[in-house]
Structure formats: C-alpha cells, structure tokens
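# Structural features, examined
Chain residues, written in single-letter form:
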Amino acid sequence: MQDQFEPLPLIRIVLVATSHPGNIGAVARAMKNMGLHDLVLVNPNQFPSYEASARASGAADILDQARVVSTLAEALADCHQVIGASARLRKVAWPQLSSREVGEFAVRAADVGRVALVFGREDSGLTNEELDQCDKLGHIASNPTYSSLNLAAAVQVFAYECRMACGAVVPQSEGYRYQPATHADMEGFYVHLEQALLQVNYLDPNKHERFMRRMRRLFNRAQPDSKEIAILRGMLTAVIKASNPQ
Ligand code: SAH
C-alpha cells in the first residue's frame, strides 16, 4: 500500500490587499468546498469583518485560522513554489500555466513542500513587483475582452483544479515511492517485450512495428515507475523461460 499523499493541506491561498471583505468570506467557502484550508491575507482592507463571516457561511473555521501579514514576502516565506494568478496574459517572461496545469503543478510540488497561489486586488490585480515573487503565472482561460473573474470565483477554479489533480498526479519523491522509469528503463522494457512476444509467436517477426509503437504509446501514457518496470520485466522473463524450458 502506498503512503497517504495529502497535497491539499500544503497548498496555501494568499490574497493581496483585498478590498471587499465579502470576497474574503467567499474565498474561505470556495477553499473549504475543495478541501483547502491555509489562507493568508496580505494587508486586507477590512478583516475580520461581519461581511466576511456572513459570506463564509459554514467555512468560518478557515477565517478563524487565517493569518494576516503585512508583506507578500512574509506570506510566502515558507513556500517553495509560488504561482501568481493573473487575469491578464503578461508580455514579460514568466512561465504561464493554464488553471489545469496549475492544479497538476501545485499537487506535484506539494509532495516536496508548501505551495502558494497568490491572488491580486479586485481593481488592479498584482503589481509587477509582486509577480516578481512568483515562480509562475496561472491564467484561467476566459473571454479575452472580459477576462477578469471575481476574486472568489478565480480561487474556486484553481482550488477545484488542485482537487481534481490529486487523484491524477503520482507523487514521486518520498519514502518507498520509486523514481519514475528513465528513458533507458523504458527502452530496455520495449526490447524485452518484443523479444517475449516474438518468442511466444504473438508477433509476426516481419511486421510488428505498428504494434510496438502502439505499446509505446500505451506504456508511456501510464508513466510507470522503476519498480513497476522491474515487475513487468520479471513477468516477461518468466514468459520467455516458460516457452523455452531447456
Ligand atoms: N482587474 C484586475 C483583476 C482583478 S480580479 C486585473 O486586470 O488584473 C482579482 C484577482 O483574481 C486577480 O488579481 C487574479 O489573481 C484573479 N483572477 C481573476 N480573473 C482571473 C483569470 N482569468 N485568471 C487568473 N486569475 C484571475
């Protein structure tokens, strides 16, 4: 059995200089719905507030645990990856990810340490100086002539993508988790597979290129780890041995 991999507690939502307390409450609700609970507020206009609590509905615990800090640097100090959410595609060279890619990236990165998703002001977003503190930018595909979502709606989309990515991303770095198979591991496996299938007369020796290409696509899509490749090769060795007893 694999270790429990719980990335969501390691994904932090950071709101920079939020003007409307109602949005903070709606963000708390969006987070709790998706299983996130680490909220940090950088210089909120008003917090705590009745309006935030009212909009949080059953997510008051997220607001109670929220941390208020005075600089973005403070909010990000213990994070090893930072993604800035931007309503506009920027011309400058930050690597840009779709919201789906952000979910996958954040979940994978949470296997190593804490990850922050940073959201800007309702009226003007994040400044370039704030974006400088981000490793990557995340953008939710939207109408190019009306691309700015409500703050809590934007948090909702990213939080949902993180949740969806949890089942899909294979953690790779800890404990008895195995390294992903290398290109050389995969090539060795394909030679072995071909050899075994020829030996049991499954393959036509003169005509199996397309079949092998198909197998490559299949196994590359599965992204096996080194242990799984070792198991598969063990099976192939047994097949070859059984069909050639001497
Ligand atoms: N008017 C601002 C956007 C403010 S919306 C601007 O043009 O930058 C508040 C925050 O929600 C943004 O700073 C961003 O963090 C997030 N957001 C809104 N729409 C988004 C989108 N399409 N993609 C990614 N983040 C978005």
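For the structure, check the block above.
Residues numbered from 1 in each chain as written. Predicted model: local features only at pLDDT ≥ 70, side-chain atom pairs only at ≥ 80, totals over all residues. Heavy atoms only, no water.

As a further point, take the sheet that holds strand E6 (residues 114-119). Whenever strands of a sheet pair, they do so through backbone hydrogen bonds, lying parallel or antiparallel. A sheet is described by the order of its strands in space; here seven strands give the open sequence E3-E2-E1-E6-E4-E7-E5, paired in parallel fashion. Across the chains shown, the open sheet's two edge strands, defined by having one partner strand only, are strand E3 (67-69) and strand E5 (96-98). Going across the sheet, the axis of each strand differs from the next one's by a mean of 30°, ignoring polarity. The strands that helix H7 (residues 151-168) touches are strand E1 (11-16), strand E4 (79-85), E6 and strand E7 (136-139); relative to E6, the one it contacts most, it runs at about 155°. (Pairing = 2+ DSSP bridges. Helix = DSSP H or I, 4+ residues; strand = E, 2+ residues; numbered from the N terminus. Axes fitted to C-alpha atoms, helices over the stretch in contact; angles between N-to-C directions. Contact = heavy atoms within 4.5 Å.)

Looking now at the pattern of salt bridges. Applying the stated rule across the entire model yields five salt bridges. For Arg12, the salt bridge identified is with Asp38, shortest N-O distance 2.8 Å. Of this pair, Arg12 sits in strand E1 while Asp38 sits in strand E2 (residues 38-42); the two residues are 26 residues apart in sequence, bridging distant segments of the chain. Residue Arg12 is classed as buried on the basis of its relative accessible area of 3%. A residue is classified by how much of its surface remains accessible, and Asp38, at 15% relative accessible area, is buried. Put simply, Glu130 and Arg121 hold a salt bridge, and the shortest N to O gap is 2.7 Å. By relative accessible area, which is 22% here, Arg121 ends up partly exposed. The structure contains a network of salt bridges with shared partners spanning Arg12, Asp38 and Arg114. (Salt bridge = Lys/Arg side-chain N within 4 Å of Asp/Glu carboxyl O. Buried < 20%, exposed > 50% of the residue type's maximum accessible area, 1.4 Å probe, protein only.)

Our next topic: the packing of aromatic side chains. Per the counting criterion, the structure on display carries four aromatic pairs. Pairing Phe189 with Phe219 gives two aromatic rings, centres 4.8 Å apart and planes at 75°, and the pair type is edge-to-face. Of the two residues, Phe189 sits in helix H8 (residues 183-199) while Phe219 sits in helix H9 (residues 209-222), which places them 30 residues apart along the sequence. (Phe/Tyr/Trp six-rings, centres within 6.5 Å; stacked < 30°, edge-to-face > 60°.)

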